[in-house]
Amino acid sequence: MRSVAGAADDTAAELDRLIHERVRLGIVSALAVNASMSFNELKTMLGLTDGNLSVHARKLEEAGYVDCAKSFEGRTPRTEFSLTDSGRRALEAYLNHMEALIQAVRDR
Amino acid sequence: MANIHPIRPLPQEPTDPSLDLSARAMDNLRFIRETMERAGSFTALSGWGLVVIGVAGLLASWLAGRQHTAEDWVALWMVSAVVCVLIGLLTTAMKARGARMGLLTGPGRKFALSLAPPMVAGAILTVVLYRAGLSTGLPGLWLMLYGAGIITAGAFSVRAVPLMGVFFMIAGTVALFSPASWGNMWMAAGFGGLHIVFGTLIARRHGG
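Residues numbered from 1 in each chain as written. Chains lettered and ligands numbered in written order. Predicted model: local features only at pLDDT ≥ 70, side-chain atom pairs only at ≥ 80, totals over all residues. Heavy atoms only, no water.

Under an unreviewed UniProt entry, the name given to chain B is Membrane-bound ClpP family serine protease, and the organism recorded is Longimicrobium terrae.

The following block contains the structure:
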(Lines give C-alpha, C1' and ligand atoms only; values in the text may rest on other atoms or scores of the structure.)
Protein backbone atom coordinates (compact mmCIF):
# COMPACT_ATOMS: atom_id res chain seq x y z
CA MET A 1 0.00 0.00 0.00
CA ARG A 2 1.30 3.46 -0.87
CA SER A 3 1.59 5.99 1.91
CA VAL A 4 -0.42 9.18 1.85
CA ALA A 5 2.78 11.20 1.90
CA GLY A 6 4.03 9.17 -1.07
CA ALA A 7 0.86 9.80 -3.02
CA ALA A 8 0.99 13.47 -2.15
CA ASP A 9 4.63 13.71 -3.23
CA ASP A 10 3.85 11.92 -6.49
CA THR A 11 0.96 14.28 -7.06
CA ALA A 12 3.06 17.34 -6.37
CA ALA A 13 5.80 16.07 -8.67
CA GLU A 14 3.68 14.78 -11.52
CA LEU A 15 0.52 16.84 -11.29
CA ASP A 16 -0.27 18.50 -14.55
CA ARG A 17 -0.19 22.13 -13.42
CA LEU A 18 -1.53 23.21 -16.76
CA ILE A 19 -4.94 21.64 -16.27
CA HIS A 20 -4.91 21.84 -12.46
CA GLU A 21 -5.92 25.50 -12.74
CA ARG A 22 -9.73 25.78 -12.33
CA VAL A 23 -10.59 27.62 -15.54
CA ARG A 24 -8.41 25.36 -17.68
CA LEU A 25 -9.78 22.27 -15.91
CA GLY A 26 -13.28 23.53 -16.76
CA ILE A 27 -12.39 24.02 -20.43
CA VAL A 28 -10.83 20.58 -20.75
CA SER A 29 -13.74 18.89 -18.89
CA ALA A 30 -16.36 20.61 -21.07
CA LEU A 31 -14.54 19.67 -24.26
CA ALA A 32 -14.17 16.06 -23.09
CA VAL A 33 -17.92 15.52 -23.55
CA ASN A 34 -18.43 17.55 -26.73
CA ALA A 35 -16.90 16.99 -30.15
CA SER A 36 -16.37 20.76 -30.28
CA MET A 37 -17.60 23.94 -28.59
CA SER A 38 -17.56 27.52 -29.81
CA PHE A 39 -15.86 30.37 -27.96
CA ASN A 40 -19.24 31.80 -26.93
CA GLU A 41 -20.61 28.46 -25.72
CA LEU A 42 -17.55 27.88 -23.52
CA LYS A 43 -17.64 31.46 -22.26
CA THR A 44 -21.35 31.24 -21.31
CA MET A 45 -21.12 27.77 -19.80
CA LEU A 46 -18.09 28.51 -17.63
CA GLY A 47 -19.14 32.10 -16.84
CA LEU A 48 -15.90 33.66 -18.12
CA THR A 49 -14.98 36.96 -19.72
CA ASP A 50 -13.64 37.07 -23.29
CA GLY A 51 -10.14 37.93 -22.06
CA ASN A 52 -10.06 35.24 -19.40
CA LEU A 53 -11.14 32.50 -21.79
CA SER A 54 -8.70 33.68 -24.48
CA VAL A 55 -5.72 33.59 -22.13
CA HIS A 56 -6.45 30.14 -20.73
CA ALA A 57 -7.47 28.62 -24.06
CA ARG A 58 -4.24 29.86 -25.61
CA LYS A 59 -2.18 28.14 -22.87
CA LEU A 60 -4.01 24.87 -23.52
CA GLU A 61 -3.53 25.31 -27.26
CA GLU A 62 0.20 25.96 -26.85
CA ALA A 63 0.49 22.76 -24.80
CA GLY A 64 -1.24 20.83 -27.61
CA TYR A 65 -4.20 19.91 -25.38
CA VAL A 66 -6.76 21.87 -27.35
CA ASP A 67 -7.31 22.50 -31.05
CA CYS A 68 -8.62 25.87 -32.14
CA ALA A 69 -10.30 26.32 -35.54
CA LYS A 70 -11.18 29.81 -36.73
CA SER A 71 -13.74 30.40 -39.45
CA PHE A 72 -16.33 32.91 -40.60
CA GLU A 73 -20.11 32.57 -40.36
CA GLY A 74 -21.19 35.25 -42.82
CA ARG A 75 -19.10 38.15 -41.58
CA THR A 76 -18.92 37.02 -37.98
CA PRO A 77 -15.70 35.30 -36.90
CA ARG A 78 -16.28 31.97 -35.20
CA THR A 79 -13.80 30.07 -33.03
CA GLU A 80 -14.33 26.36 -32.38
CA PHE A 81 -12.39 24.46 -29.72
CA SER A 82 -11.91 20.72 -29.50
CA LEU A 83 -9.88 18.45 -27.24
CA THR A 84 -6.85 16.72 -28.78
CA ASP A 85 -5.85 13.13 -27.95
CA SER A 86 -3.03 14.53 -25.88
CA GLY A 87 -5.51 16.71 -23.96
CA ARG A 88 -7.77 13.73 -23.33
CA ARG A 89 -4.84 11.71 -22.01
CA ALA A 90 -3.83 14.63 -19.77
CA LEU A 91 -7.35 14.79 -18.28
CA GLU A 92 -7.36 11.03 -17.71
CA ALA A 93 -3.97 11.21 -16.00
CA TYR A 94 -5.24 14.09 -13.84
CA LEU A 95 -8.35 12.10 -12.85
CA ASN A 96 -6.16 9.12 -11.98
CA HIS A 97 -3.99 11.33 -9.77
CA MET A 98 -6.98 12.67 -7.89
CA GLU A 99 -8.41 9.19 -7.41
CA ALA A 100 -5.05 7.80 -6.24
CA LEU A 101 -4.76 10.59 -3.70
CA ILE A 102 -8.24 9.95 -2.29
CA GLN A 103 -7.63 6.20 -2.26
CA ALA A 104 -4.36 6.60 -0.39
CA VAL A 105 -6.13 8.52 2.40
CA ARG A 106 -8.95 5.93 2.53
CA ASP A 107 -6.54 2.99 2.71
CA ARG A 108 -4.64 4.48 5.60
CA MET B 1 -12.69 8.99 -20.97
CA ALA B 2 -11.66 7.79 -17.53
CA ASN B 3 -14.34 6.45 -15.24
CA ILE B 4 -15.44 8.87 -12.58
CA HIS B 5 -16.33 6.94 -9.50
CA PRO B 6 -19.10 8.12 -7.18
CA ILE B 7 -17.69 10.38 -4.54
CA ARG B 8 -18.26 9.18 -1.00
CA PRO B 9 -18.29 11.62 1.91
CA LEU B 10 -15.16 12.07 3.95
CA PRO B 11 -14.99 9.68 6.92
CA GLN B 12 -14.12 12.60 9.18
CA GLU B 13 -13.32 16.30 9.08
CA PRO B 14 -9.86 16.95 7.61
CA THR B 15 -7.48 17.58 10.43
CA ASP B 16 -4.08 17.09 8.82
CA PRO B 17 -2.55 18.21 5.51
CA SER B 18 -3.02 14.84 3.77
CA LEU B 19 -6.73 14.81 4.57
CA ASP B 20 -7.01 18.38 3.37
CA LEU B 21 -5.28 17.31 0.13
CA SER B 22 -7.80 14.48 -0.23
CA ALA B 23 -10.71 16.88 0.29
CA ARG B 24 -9.34 19.14 -2.41
CA ALA B 25 -8.92 16.17 -4.74
CA MET B 26 -12.57 15.27 -4.15
CA ASP B 27 -13.58 18.84 -4.80
CA ASN B 28 -11.66 18.75 -8.09
CA LEU B 29 -13.36 15.51 -9.14
CA ARG B 30 -16.75 16.95 -8.27
CA PHE B 31 -15.98 20.07 -10.31
CA ILE B 32 -14.95 17.95 -13.33
CA ARG B 33 -18.08 15.81 -13.09
CA GLU B 34 -20.42 18.80 -12.76
CA THR B 35 -18.74 20.63 -15.64
CA MET B 36 -19.06 17.54 -17.83
CA GLU B 37 -22.75 17.21 -16.97
CA ARG B 38 -23.47 20.83 -17.76
CA ALA B 39 -21.39 20.79 -20.94
CA GLY B 40 -23.01 17.53 -22.04
CA SER B 41 -26.53 18.91 -21.68
CA PHE B 42 -25.48 21.84 -23.81
CA THR B 43 -25.72 19.88 -27.01
CA ALA B 44 -27.27 16.60 -25.89
CA LEU B 45 -29.86 16.62 -28.67
CA SER B 46 -28.87 15.47 -32.11
CA GLY B 47 -29.70 18.18 -34.63
CA TRP B 48 -29.62 15.79 -37.58
CA GLY B 49 -31.83 13.43 -35.58
CA LEU B 50 -34.41 16.22 -35.29
CA VAL B 51 -34.22 16.79 -39.05
CA VAL B 52 -34.94 13.09 -39.67
CA ILE B 53 -37.84 13.27 -37.17
CA GLY B 54 -39.10 16.33 -39.05
CA VAL B 55 -39.07 14.47 -42.37
CA ALA B 56 -40.92 11.57 -40.69
CA GLY B 57 -43.41 14.14 -39.32
CA LEU B 58 -44.07 15.52 -42.82
CA LEU B 59 -44.55 12.00 -44.18
CA ALA B 60 -46.91 11.12 -41.31
CA SER B 61 -48.94 14.32 -41.91
CA TRP B 62 -49.33 13.41 -45.58
CA LEU B 63 -50.38 9.86 -44.70
CA ALA B 64 -52.75 11.16 -41.97
CA GLY B 65 -54.58 13.24 -44.58
CA ARG B 66 -55.36 10.05 -46.48
CA GLN B 67 -56.99 8.26 -43.53
CA HIS B 68 -60.78 7.97 -43.63
CA THR B 69 -61.65 7.16 -40.01
CA ALA B 70 -60.68 8.84 -36.75
CA GLU B 71 -59.49 5.46 -35.48
CA ASP B 72 -57.01 5.01 -38.36
CA TRP B 73 -55.92 8.62 -38.06
CA VAL B 74 -55.09 8.31 -34.33
CA ALA B 75 -53.44 4.90 -34.86
CA LEU B 76 -51.21 6.35 -37.58
CA TRP B 77 -50.04 9.20 -35.32
CA MET B 78 -49.42 6.78 -32.44
CA VAL B 79 -47.17 4.62 -34.65
CA SER B 80 -45.43 7.77 -35.94
CA ALA B 81 -44.80 8.94 -32.37
CA VAL B 82 -43.15 5.64 -31.45
CA VAL B 83 -41.00 5.70 -34.61
CA CYS B 84 -39.93 9.30 -33.89
CA VAL B 85 -39.03 8.50 -30.26
CA LEU B 86 -36.86 5.62 -31.52
CA ILE B 87 -35.16 7.88 -34.10
CA GLY B 88 -34.55 10.47 -31.37
CA LEU B 89 -33.05 7.90 -28.99
CA LEU B 90 -30.85 6.35 -31.68
CA THR B 91 -29.46 9.62 -33.05
CA THR B 92 -28.92 11.09 -29.58
CA ALA B 93 -27.11 7.89 -28.54
CA MET B 94 -24.92 8.17 -31.64
CA LYS B 95 -24.08 11.79 -30.83
CA ALA B 96 -23.41 10.91 -27.18
CA ARG B 97 -21.07 8.12 -28.26
CA GLY B 98 -19.26 10.53 -30.59
CA ALA B 99 -18.64 12.75 -27.58
CA ARG B 100 -17.83 9.70 -25.40
CA MET B 101 -20.73 10.43 -23.07
CA GLY B 102 -23.23 7.89 -21.74
CA LEU B 103 -26.81 8.40 -22.91
CA LEU B 104 -28.39 7.41 -19.62
CA THR B 105 -26.05 9.36 -17.37
CA GLY B 106 -26.31 13.01 -16.44
CA PRO B 107 -27.80 15.25 -19.14
CA GLY B 108 -29.41 12.54 -21.27
CA ARG B 109 -31.31 11.13 -18.31
CA LYS B 110 -32.27 14.61 -17.09
CA PHE B 111 -33.62 15.46 -20.55
CA ALA B 112 -35.67 12.26 -20.77
CA LEU B 113 -37.04 12.64 -17.23
CA SER B 114 -38.15 16.23 -17.93
CA LEU B 115 -39.76 15.33 -21.24
CA ALA B 116 -41.58 12.25 -19.93
CA PRO B 117 -44.34 13.79 -17.70
CA PRO B 118 -45.99 15.91 -20.45
CA MET B 119 -45.67 12.97 -22.85
CA VAL B 120 -47.46 10.65 -20.38
CA ALA B 121 -50.13 13.34 -19.79
CA GLY B 122 -50.52 13.62 -23.59
CA ALA B 123 -50.97 9.86 -23.98
CA ILE B 124 -53.67 9.73 -21.26
CA LEU B 125 -55.52 12.79 -22.60
CA THR B 126 -55.40 11.28 -26.10
CA VAL B 127 -57.37 8.28 -24.88
CA VAL B 128 -59.87 10.51 -23.03
CA LEU B 129 -60.46 12.90 -25.97
CA TYR B 130 -60.64 10.06 -28.49
CA ARG B 131 -63.28 8.24 -26.40
CA ALA B 132 -65.26 11.48 -26.06
CA GLY B 133 -65.22 11.88 -29.85
CA LEU B 134 -63.03 14.98 -29.64
CA SER B 135 -60.17 13.77 -31.86
CA THR B 136 -60.08 17.08 -33.72
CA GLY B 137 -58.56 18.70 -30.61
CA LEU B 138 -55.65 16.24 -30.57
CA PRO B 139 -53.20 18.08 -32.90
CA GLY B 140 -53.33 21.20 -30.72
CA LEU B 141 -53.01 19.14 -27.54
CA TRP B 142 -50.03 17.14 -28.85
CA LEU B 143 -48.21 20.21 -30.14
CA MET B 144 -48.74 22.09 -26.87
CA LEU B 145 -47.70 19.27 -24.54
CA TYR B 146 -44.68 18.37 -26.67
CA GLY B 147 -43.68 22.05 -26.64
CA ALA B 148 -44.08 22.18 -22.85
CA GLY B 149 -41.86 19.09 -22.48
CA ILE B 150 -39.18 20.51 -24.77
CA ILE B 151 -39.12 23.81 -22.88
CA THR B 152 -38.60 22.15 -19.49
CA ALA B 153 -36.22 19.46 -20.80
CA GLY B 154 -34.22 22.02 -22.74
CA ALA B 155 -34.01 24.57 -19.92
CA PHE B 156 -30.30 23.85 -19.44
CA SER B 157 -29.52 23.21 -23.07
CA VAL B 158 -28.61 25.57 -25.89
CA ARG B 159 -31.15 28.36 -26.38
CA ALA B 160 -32.44 26.84 -29.62
CA VAL B 161 -33.99 23.88 -27.74
CA PRO B 162 -36.39 25.74 -25.37
CA LEU B 163 -37.07 28.23 -28.17
CA MET B 164 -38.24 25.35 -30.35
CA GLY B 165 -40.55 24.34 -27.48
CA VAL B 166 -42.04 27.85 -27.37
CA PHE B 167 -42.82 27.67 -31.10
CA PHE B 168 -44.48 24.26 -30.58
CA MET B 169 -46.67 25.72 -27.84
CA ILE B 170 -47.64 28.64 -30.08
CA ALA B 171 -48.45 26.24 -32.95
CA GLY B 172 -50.53 24.12 -30.55
CA THR B 173 -52.46 27.11 -29.23
CA VAL B 174 -53.25 28.37 -32.74
CA ALA B 175 -54.21 24.82 -33.81
CA LEU B 176 -56.72 24.55 -30.97
CA PHE B 177 -58.53 27.66 -32.21
CA SER B 178 -58.30 26.79 -35.93
CA PRO B 179 -60.82 24.86 -38.02
CA ALA B 180 -60.60 21.10 -37.39
CA SER B 181 -59.70 20.43 -41.03
CA TRP B 182 -56.40 22.29 -40.53
CA GLY B 183 -55.17 19.72 -37.96
CA ASN B 184 -52.85 17.83 -40.30
CA MET B 185 -51.44 21.08 -41.63
CA TRP B 186 -50.51 22.21 -38.12
CA MET B 187 -48.98 18.81 -37.39
CA ALA B 188 -46.88 19.12 -40.57
CA ALA B 189 -45.84 22.67 -39.64
CA GLY B 190 -44.93 21.67 -36.07
CA PHE B 191 -43.60 18.12 -36.08
CA GLY B 192 -42.30 18.52 -39.64
CA GLY B 193 -41.30 22.15 -40.14
CA LEU B 194 -40.13 23.15 -36.65
CA HIS B 195 -38.06 19.98 -36.23
CA ILE B 196 -36.35 20.49 -39.59
CA VAL B 197 -35.62 24.21 -39.02
CA PHE B 198 -34.35 23.87 -35.43
CA GLY B 199 -32.64 20.53 -36.15
CA THR B 200 -30.62 22.14 -38.94
CA LEU B 201 -29.78 25.07 -36.66
CA ILE B 202 -28.62 22.80 -33.82
CA ALA B 203 -26.67 20.49 -36.16
CA ARG B 204 -24.81 23.37 -37.81
CA ARG B 205 -24.02 25.26 -34.63
CA HIS B 206 -23.57 22.51 -32.07
CA GLY B 207 -21.68 19.66 -33.70
CA GLY B 208 -24.26 17.36 -35.29
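**Here we look at the packing of helix H6 (residues 160-176) of chain B against helix H7 (residues 183-205) of chain B**
All names here are of chain B. The geometry of H6 relative to H7 is characterised by a closest axis approach of 10 Å and an angle of 165° between their N-to-C directions. Taken together, H6 and H7 sit at an angle that is classed as roughly antiparallel. In this structure, H6 meets H7 at a crossing whose hand is right-handed. Between H6 and H7, the contacting residues are Ala160, Val161, Leu163, Met164, Phe167, Phe168, Ala171, Val174 and Ala175 on the first element and Trp186, Gly190, Phe191, Leu194, His195, Phe198, Leu201 and Ile202 on the second. A class-by-class count of the residues in the contact of H6 with H7 yields 15 nonpolar, two polar and no charged. (Axes fitted to C-alpha atoms, helices over the stretch in contact; angles between N-to-C directions. Helix = DSSP H or I, 4+ residues; strand = E, 2+ residues; numbered from the N terminus. Parallel < 35°, antiparallel > 145°, perpendicular 65-115°, else oblique. Left-handed = near helix turned anticlockwise from the far one by under 90°. Contact = heavy atoms within 4.5 Å. Nonpolar A, V, L, I, M, F, W, Y, C, P; charged D, E, K, R; others polar.)

**Considerations on the nonpolar core**
Formed by 36 residues in total, the largest nonpolar core has its most connected members in Ile27, Leu31, Leu42 and Leu91 of chain A. Discounting residues that sit within four places of it in the chain, Leu42 of chain A has contacts with Ile27, Ala30, Leu31, Met37, Leu53 and Phe81 of chain A. Judged by nonpolar contacts, the second largest core, of 34 residues, contains Leu76, Ile87, Ala171 and Phe191 of chain B. (Core = buried A, V, L, I, M, F, W, Y, C linked by side-chain atoms within 4.5 Å. Buried < 20%, exposed > 50% of the residue type's maximum accessible area, 1.4 Å probe, protein only.)

**A closer look at the confidence of the model for chain A**
Residues and elements named next belong to chain A. Per-residue confidence for chain A gives a mean pLDDT of 84, with 86% of residues at or over 70. Contacts for the low-pLDDT stretch residues 1-5, under 50 throughout, to residues beyond four places or in other chains number ten contacts. Every residue in residues 7-13 scores below 50 in pLDDT, and together they form eleven contacts with partners more than four places removed in sequence or on other chains. (pLDDT = per-residue confidence, 0-100.)

**Notes on the pattern of salt bridges**
Per the stated rule, a full pass over the model turns up four salt bridges over all chains. Notably, a salt bridge pairs Asp27 of chain B with Arg22 of chain A, separated by 3.0 Å at the nearest N-O pair. With Asp27 of chain B in helix H1 (residues 17-42) and Arg22 of chain A in helix H3 (residues 22-32), this residue pair bridges two chains. Its relative accessible area of 35% is what places Asp27 of chain B among the partly exposed residues. Measuring nitrogen to oxygen at the nearest pair gives 2.9 Å for the salt bridge that ties Asp50 of chain A to Lys43 of chain A. Since its relative accessible area comes to 24%, Lys43 of chain A is described here as partly exposed. (Salt bridge = Lys/Arg side-chain N within 4 Å of Asp/Glu carboxyl O.)

**So, the sheet that holds strand S2 (residues 66-73) of chain A**
Pairing between the strands of a sheet is mediated by backbone hydrogen bonds and can be parallel or antiparallel. Residues and elements named next belong to chain A. On the basis of which strands lie adjacent, the open sheet formed by three strands has the order S1-S3-S2 and antiparallel pairing. The open sheet terminates on both sides in strands that have one partner only, identified here as strand S1 (37-38) and S2. Sheet strands touched by H3: S1, S2 and strand S3 (76-83). Its angle to S3, the strand with the most contacts, is close to 85°. (Pairing = 2+ DSSP bridges.)

**Remarks on the packing of helix H2 (residues 47-64) of chain B against H7 of chain B**
In a packed pair of helices, the relevant descriptors are the angle between the two axes and the axis-to-axis distance. All names here are of chain B. Across the interface, H2 lies against H7 with an axial gap of 7 Å and an inter-helix angle of 165°. Judged on the interaxial angle alone, H7 and H2 are roughly antiparallel. Considering the relative orientation of H2 and H7, their crossing is left-handed. In this structure, H2 contributes Gly47, Trp48, Leu50, Val51, Ile53, Gly54, Val55, Gly57, Leu58, Ser61 and Ala64 to the contact, and H7 contributes Asn184, Met187, Ala188, Phe191, Gly192, Gly193, His195, Ile196, Gly199, Thr200, Ile202 and Ala203. Grouping the amino acids of the contact of H2 with H7 by side-chain chemistry returns 13 nonpolar, ten polar and no charged.

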